[in-house]
Amino acid sequence: MNDTTRGIRIRPGSLADAPAILDMLDSAVVWMNDRGNTEQWGTTPYSQKPGGVARVERYTTENAPYIAELDGTPVGALVLDSGPSPQMPIAPAAEPERYVRLLVTDRRYAGLDIGAALLAHAAEETRRAGVELLRVDCWAGGGGELVAFYERNGFTRTEPFLSGAWPGQVLARRVG
């Protein structure tokens, strides 16, 4: 698909995009840490975490990855799956669903609504697949800023959860 919103082109991703996604994840860790947020993703660059590179490679080969580009430069990534990660304490939905497993944007392009464009694309892909439920989970700490971002993009809180001491929130959006 070739969506264009505000100059942002969204295309299907592939294994060749794994290095760009890892760069975005690494820079997101630095950005969060610079803001005092060391709880959400920790302090270790994603590419250096045990299993981090392999996880991103799996995302790009076993799931449905999408890359947002601006003038041919990757500026965001989204990965859709058919349900939540089995490593998370989240039950699959009682109906067919699409699940946002990863959403990351390049912080150098903040303010261009890249995340919102990717979420709109996820909703359209979910609708196109004949599925009515799109879900996501996210970190619920830090004053709930990330939860509020998803709510601004049409999601509604469903159930909170804990993964160890990490507070999370599942959100859902009806797209049918």
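Residue numbers restart at each chain and count upward from 1, following the sequence in its written direction. At least 70 in pLDDT is required for a residue's local features to be given in this predicted model, at least 80 for side-chain atom pairs to be given and counted, and no such filter applies to totals for whole chains, interfaces and linings, which use all residues. With hydrogens and water excluded, all non-hydrogen atoms of the structure serve as input to the side-chain values.

Colleague: So what about helix 1 (residues 18–34)? Which residues, and what values?
Modeller: Taking 1.5 Å of rise per residue, 17 residues should cover 24 Å, and helix 1 covers 24 Å from first to last C-alpha, within 8% of that figure. Those residues of helix 1 lying buried are Ala18, Ile21, Leu22, Met24, Leu25, Asp26, Ala28, Val29 and Met32. On its buried side, helix 1 packs onto helix 2 (52–62), strand 3 (64–70), strand 4 (73–81) and strand 5 (97–105). Positive backbone phi, approximately 90 degrees, marks Gly36, located one or two places after helix 1. Helix numbering and strand numbering both begin at the N terminus, where a helix is a DSSP run of H or I of at least 4 residues and a strand a DSSP run of E of at least 2. Helix span, as expected, comes to 1.5 Å for every residue beyond the first. Burial here depends on accessible area, computed with a 1.4 Å probe over protein chains only, as a share of the maximum for the residue type. Under 20% is buried, over 50% is exposed, and the range in between is partly exposed. In this description, contact between two residues means that some pair of their heavy atoms is separated by no more than 4.5 Å.

Colleague: Go over the environment of Ser27 with me, naming the residues and quoting the values.
Modeller: Structurally, the position occupied by Ser27 is in helix 1. Of the residues examined, Ser27 reaches a relative accessible area of 29% and is grouped as partly exposed. As a C-alpha pair, Ser27 and Pro45 span 18 residues in sequence and 7.8 Å in three-dimensional space. From its side chain, Ser27 meets the backbone oxygen of Met24 in a polar contact 3.0 Å long. As used in this structure description, the phrase polar contact means that two N or O atoms lie within 3.5 Å; if the pair is within protein, one of them must be able to donate a hydrogen and the other to accept it, and residues adjacent in sequence are counted only when both atoms belong to side chains.

Colleague: Lay out the layout of surface pockets with the relevant residues and their values.
Modeller: Two kinds of site are reported from a 1 Å grid over the protein atoms alone, namely cavities, where a 1.4 Å probe fits but cannot get out, and pockets, open sets with protein on both sides within 12 Å along at least five of seven lines, and residues are called lining when an atom falls within 4 Å of a point. Grid points are joined across faces, edges and corners, and a volume is the space filled by probe spheres set on the points. Considered as a void within the structure, the largest pocket measures approximately 1600 Å³ in volume. Around the largest pocket, the lining comprises 50 residues; the ones closest to its centre are Gln40, Trp41, Leu103, Leu146 and Tyr150. Considering every element that reaches the lining of the largest pocket, the biggest residue donor is strand 5, with six residues. When its residues are assigned to classes, the lining of the largest pocket shows 25 nonpolar, 13 polar and twelve charged. Ten residues, namely Ala, Val, Leu, Ile, Met, Phe, Trp, Tyr, Cys and Pro, are considered nonpolar, four, namely Asp, Glu, Lys and Arg, are considered charged, and the remaining ones, Gly among them, are considered polar.

Colleague: I'd like a description of the side chain of Arg11, backed by residues and values.
Modeller: Looking at the element boundaries, Arg11 is found in strand 2 (residues 8–12). On the basis of relative accessibility, which here comes to 16%, the residue Arg11 falls in the buried class. For Arg11, the side chain forms a polar contact with the side chain of Glu69, separated by 2.7 Å.

Colleague: Describe in detail the packing of helix 1 against helix 2, supporting the description with residues and values.
Modeller: Two elements in contact, helix 1 and helix 2, have axes separated by 10 Å at closest approach and are oriented at 125 degrees. Compared by their axis directions, helix 1 and helix 2 come out oblique. In this structure, the crossing between helix 1 and helix 2 has a hand that is right-handed. Mapping the contact onto sequence places Ala18, Ile21, Leu22 and Leu25 in helix 1 and Gly52, Val53, Val56, Glu57 and Thr60 in helix 2. In the contact of helix 1 with helix 2, the residues fall into six nonpolar, two polar and one charged. To get an axis, a line is fitted to the C-alpha atoms, and for a helix only the part in contact is used. The angle between two axes follows their N-to-C directions and goes from 0 to 180 degrees. Convention used here: angles under 35 degrees read as roughly parallel, angles over 145 as roughly antiparallel, angles from 65 to 115 as roughly perpendicular, and any remaining angle as oblique. Helix crossings are classified by the rotation of the near helix relative to the far one: an anticlockwise turn of less than a right angle makes the crossing left-handed, while a clockwise turn makes it right-handed.

Nothing here speaks to function; it is geometry throughout.
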